[in-house]
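# Observations on chain architecture
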Amino acid sequence: MTKSDNSPIHASTLLNRTGQGRHFLQIPGPSNTPDRVLRAIDFPTIDHRGPEFANLGLRILQAIKPVFGTTNPVIIYPGSGTGAWEAAMVNTLSPGDRVLMVETGQFATQWKNLAQKLQLQPEFISGDWRTGVNPADIHARLAADPEREIKAVCVVHNETSTGVTSDIASVRAAMDAAKHPALLMVDTISGIGSIAYAHDQWGVDVTIAGSQKGLMLPPGLGFNAISDKAIEASKHAKLPNAYWRWDEIIAANRNGYWPTTPATNLLYGLAEALDMLHEEGLHNVFERHQRHAQATRLAVQAWGLEILCTNPDQYSPVLTAVVMPKRADGTYYDADAFRKLVLGRYNMSLGTGLNKLQGWVFRIGHLGHFNDLMLIGTLGGVEMGLAAAGVPHQRGGVQAAIDYLAKS
Ligand SMILES: *Cc1c(COP(=O)(O)O)cnc(C)c1O
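The structure displayed is predicted, hence computed values, not measured ones.

## Description of the sheet that holds strand S11 (residues 306-307)
Strand order in this open sheet of 3 strands is S11-S12-S14, and the pairing throughout is antiparallel. At either end of the open sheet lies a strand with only one pairing partner, and these are S11 and strand S14 (361-365).

Here it is in structure tokens:
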């Protein structure tokens, strides 16, 4: 940003950082909010106990279900994705419970840290931050738990720090093969609304999501989709819980209300975003993400740069994490200096490398409210930025993406 750090941020500055035109928010969430959603939010707040509200509530609670692939209730909280992680755990688990988690990247690590703070005992299967969950590891660990001490298996569907997805159906198959009764909890905070998801069919017990990525909303809503088994577990769970309790919310939701004040204006936006997803058709939404992701990878490969994800079956449709090339002395060209240049010159935000990826990885978000020309603009900004920053690369990444989009 061009403003000094202590000056208040003014909306006009944000809309118009460098000259005219839109800012490109190409981090992998929060994503660009469509004008339709912004306009839907811009209405007077109504009485959340009044009759109009119930219509809104009932409509949303119904329309959200197919996005998760469930016919069960989906709980909607005012809160970020982290709150929805906490909700999943405090509703179903008890102090000291063992939970099996997998180190796919920074978000899996943060979730494991949250489990520790909740006095759970996470067992963390280590990972290389370049690949997804290996179902064989889950099977091996569960098979070695005859006392059934592990109460939940918790995995991240789309690891936003690395651009790697994990196959949830095969995690479920591994659990079933071990005949283990643990709950399956899945973080699809950055997958929901962008990647096909089947809560019921995959036998997921708690699905955790957030508003600000594929659902195309501003930050501020968290979601739990739940199975009958999770509801049963919630009756015996002993972790302290109050605000996050499902039972009171489910009871109020039956009539379209919430027990506490909901985020009314974000729910206006959610109703609009769900309309947009259903108008396009969920299948088409997911195909669009696959197509833009493939075009992005072709651009990265044409530049001669490396994709962080090393398993092509696990490439993310939501974002692509790119490895900076190395200098002759073995150090990486600075990813954050490159991002800073792109922001300053082209008014585009790219995602930073998180934690141990900092400085040598950057992330291109291609999710949510996004189309072919926005992708070409995004890739154009990256290619111009590489040249301007003196990062060695081959030309033609944008052209490779155009060629692919033109014929697919
Ligand atoms: C964004 C994200 C989170 C964190 O959500 P917050 O809304 O920042 O609390 C967790 N997990 C994944 C995979 C994410 O992408």
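Following the structure, the description resumes.
## Details of the site of the ligand
Neighbouring residues of the ligand: 13 residues in total, closest Ser80, Thr82, Thr160, Asp187 and Lys213. At 2.6 Å from an oxygen atom of the ligand is found a side-chain nitrogen or oxygen belonging to Ser80. In terms of residues, the shell around the ligand owes the most to one element, helix H5 (residues 81-92), which gives 3 residues. For the shell around the ligand, the per-class residue count stands at 4 nonpolar, 7 polar and 2 charged.

## Observations regarding the packing of helix H12 (residues 282-303) against helix H14 (residues 372-388)
It is at 11 Å that the axes of H12 and H14 come closest, and there the two elements cross at 20 degrees. Between H12 and H14, the crossing angle belongs to the class labelled roughly parallel. Note that H12 runs across H14; the crossing there is right-handed. Contact residues: Arg291, His292, Ala295, Thr296, Ala299 and Trp303 in H12; Asp372, Leu375, Leu379, Val382, Glu383 and Leu386 in H14. Of the residues contributing to the contact of H12 with H14, the split by class is 7 nonpolar, 2 polar and 3 charged.

## What about empty space enclosed by the protein?
If you walk through the whole model with that rule in mind, you get 1 cavity of 30 Å³ or more. By volume, the largest cavity amounts to about 40 Å³. Together, Thr162, Gly163, Arg297, Ile307, Cys309, Tyr315, Ser316, Leu319, Thr320 and Ala321 line the largest cavity. When residues in the lining of the largest cavity are grouped by element, the largest group, 3 residues, is from strand S12 (residues 319-323). Along the lines of polarity and charge, the residues of the lining of the largest cavity split into 5 nonpolar, 4 polar and 1 charged.

Calculation rules
- Residues numbered from 1 in each chain as written.
- Predicted model: local features only at pLDDT ≥ 70, side-chain atom pairs only at ≥ 80, totals over all residues.
- Heavy atoms only, no water.
- Pairing = 2+ DSSP bridges.
- Helix = DSSP H or I, 4+ residues; strand = E, 2+ residues; numbered from the N terminus.
- Near = heavy atom within 4 Å.
- Polar contact = N/O pair within 3.5 Å; in protein donor to acceptor, adjacent residues only side chain to side chain.
- Nonpolar A, V, L, I, M, F, W, Y, C, P; charged D, E, K, R; others polar.
- Axes fitted to C-alpha atoms, helices over the stretch in contact; angles between N-to-C directions.
- Parallel < 35°, antiparallel > 145°, perpendicular 65-115°, else oblique.
- Left-handed = near helix turned anticlockwise from the far one by under 90°.
- Contact = heavy atoms within 4.5 Å.
- 1 Å grid on protein atoms, 1.4 Å probe; cavity = no way out; pocket = protein on both sides within 12 Å on 5 of 7 lines; lining within 4 Å.
- Points joined across faces, edges and corners; volume = space filled by probe spheres on them.

Shape descriptors only; they carry no functional weight alone.
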